[in-house]
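# Structural characterization, general
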2 protein chains.
Amino acid sequence: MATRAELREELIKAGIRPSVQRLAIFEYVRQSCQHPTAEVVYEALCDELGSLSLTTVYNTLKLFVDAGLISMLTIDDTFRCFDGNRCCHAHFRCNNCGKIVDLQMKEDFISLVEGLDGYKITDAQLYLKGLCPACKNKK
Amino acid sequence: MATRAELREELIKAGIRPSVQRLAIFEYVRQSCQHPTAEVVYEALCDELGSLSLTTVYNTLKLFVDAGLISMLTIDDTFRCFDGNRCCHAHFRCNNCGKIVDLQMKEDFISLVEGLDGYKITDAQLYLKGLCPACKNKK
DNA sequence: TTATATATTTGCAATGATTACAAAAATGAA
DNA sequence: TTCATTTTTGTAATCATTGCAAATATATAA
């Protein structure tokens, strides 16, 4: 769990000026295990920051994604969500309850992909979908 | 390359009545290596079928995805595209030119995921993003 | 400090892919 | 044929996301 000062340093190192809004958004996404959407980030930080614009949240999240500081997940095709967990992991989305969970990997999945000579890879996501144990038992 | 009769049988086996529209859409997505969007499928088949509704294309593609006959890709976060290739493979999307290409796998990537006991997996997608060789050289 | 340029935030309007809906057409059963 | 069911269609609505221009904050220079 990084401190606020460490997160600030990380932004600066990435060439991003740590404004109040940016630092709050960065901290929120990095600490969350919930894969929040832009809307969720906005709702969560509105009070804390006094005021905040949804546009700022969208712009800032995009800034972080482009800088490689967080990832954007498109596992749900109706909205994007964001992930501050920097360890290599896969995601599972339950088709019934919609929950998105992290799954550990035995090894980095990029090593299994063939024919990547000449490519520059900046992002990799492994998405699994189906039924989570709870929903599977209900049916 | 499956014949039209084989594709028809596959629909019936999946419990889907092979209407003219459905068979044409199924054939198009299965034969294409281009990961078409609903709009692309619609444009391609409008003439062939005389008339066609974009709503039908959307509904039909969803029907096929739910039946496990084709996959939906969300590698590009601004639109969905569809993939009729049933072999296990990964996808790469170039951040510069937008091209989506298939990549072979040394082995099925699901085997690398831990903690799947109790889950029912119905879909798995591995997405890589970055620069393709051509775009990488240009920069 | 003050003035000026630059970067950031904000609110609202616009965008566009996708879906809801209800009518029309096609198909199957009796 | 008649009736019920399934499928298709066109249009309107939805809603997550973006464009844009004004307002605000921050950094730099003098």
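Scroll up a little and you will see the structure.
Residues numbered from 1 in each chain as written. Chains lettered and ligands numbered in written order. Predicted model: local features only at pLDDT ≥ 70, side-chain atom pairs only at ≥ 80, totals over all residues. Heavy atoms only, no water.

## Concerning the protein's contact with DNA strand C
Around DNA strand C, the surrounding shell holds 14 residues, and the nearest of these are A:Ser19, A:Arg22, A:Thr55, A:Thr56 and B:Tyr58. Close to the protein, within 4 Å, the atoms of DNA strand C belong to sugar or phosphate groups at a rate of 75%. The separation between a phosphate oxygen of DNA strand C and a polar side-chain atom of A:Arg22 is 2.7 Å. The contact in question runs from a base nitrogen of DNA strand C to an N or O atom on the side chain of A:Thr55, over 2.9 Å. At the level of secondary structure, the elements contributing two or more residues to the surface near DNA strand C comprise α2 (20–31) and α4 (54–66) of chain A together with α4 (54–66) of chain B. Across the surface near DNA strand C, the residue classes tally to three nonpolar, eight polar and three charged. (Near = heavy atom within 4 Å. Polar contact = N/O pair within 3.5 Å; in protein donor to acceptor, adjacent residues only side chain to side chain. Helix = DSSP H or I, 4+ residues; strand = E, 2+ residues; numbered from the N terminus. Nonpolar A, V, L, I, M, F, W, Y, C, P; charged D, E, K, R; others polar.)

## Some words on unusual backbone geometry
Residues and elements named next belong to chain A. Here histidine 35, not a glycine, exhibits a phi torsion of approximately 50°, which is positive. On the secondary structure map, histidine 35 appears in the loop between α2 and α3 (38–49). You can call histidine 35 buried: its relative accessible area is 7%. (Buried < 20%, exposed > 50% of the residue type's maximum accessible area, 1.4 Å probe, protein only.)

## Quick notes on the relation of the copies chain B and chain A
The operation relating the pair of chain copies consists of a rotation about an axis and a translation along that axis. Overlaying chain B on chain A yields an RMSD of 0.1 Å, the required transformation being a rotation through 180° with an accompanying axial translation of 0.0 Å. Overall, the copies show the geometry of a two-fold rotation axis. Among all residues of chain B, the one whose C-alpha sits closest to the rotation axis is B:Leu126, at a distance of 2.2 Å. Most of the interface of chain B is mirrored in chain A, where 100% of its interface residues are also at the interface. (Least-squares fit on C-alpha atoms with pLDDT ≥ 70 in both. Contact = heavy atoms within 4.5 Å.)

## Concerning the interface of chain B and chain A
Opposite the 41 residues of chain B that make contact, chain A presents 41 residues. Summed over both partners, the interface of chain B with chain A buries about 3,600 Å², with 60% contributed by carbon and sulfur atoms. The interface formed by chain B and chain A holds two salt bridges in total. A salt bridge links B:Arg80 to A:Asp77; the shortest N-O distance between them is 3.3 Å. Seen at the junction of chain B and chain A, the total is 17 residue pairs in polar contact (both at pLDDT 80 or more). Counting residues per element, the side of chain B that touches chain A draws most heavily on strand β5 (residues 120–131) of chain B, which supplies twelve residues. The residue makeup of the side of chain B that touches chain A, split by class, is 20 nonpolar, ten polar and eleven charged. Bridge count between strand β5 (residues 120–131) of chain A and β5(B): eleven bridges; the pairing is antiparallel. If you follow A:Leu131 over to β5(B), its bridge partner there is B:Lys120. (Buried area = accessible area lost by both parts, 1.4 Å probe. Salt bridge = Lys/Arg side-chain N within 4 Å of Asp/Glu carboxyl O. Pairing = 2+ DSSP bridges.)

## Examining the sheet that holds strand β3 (residues 89–94) of chain B
Across the sheet, which stays open at both edges, the six strands sit in the order β4(A)-β3(A)-β5(A)-β5(B)-β3(B)-β4(B) with mixed pairing between neighbours. Strand pairing shows two members of the sheet lacking a second neighbour, β4 (100–104) of chain A together with β4 (100–104) of chain B, which therefore form its edges. If you compare each strand with its neighbour and ignore which way they point, the axes differ by 30° on average. For strand β3 (residues 89–94) of chain A and β4(A), the ladder comprises five bridges, and the chain directions are antiparallel. What sits directly across from A:Arg93, in β4(A), is A:Ile100. (Axes fitted to C-alpha atoms, helices over the stretch in contact; angles between N-to-C directions.)

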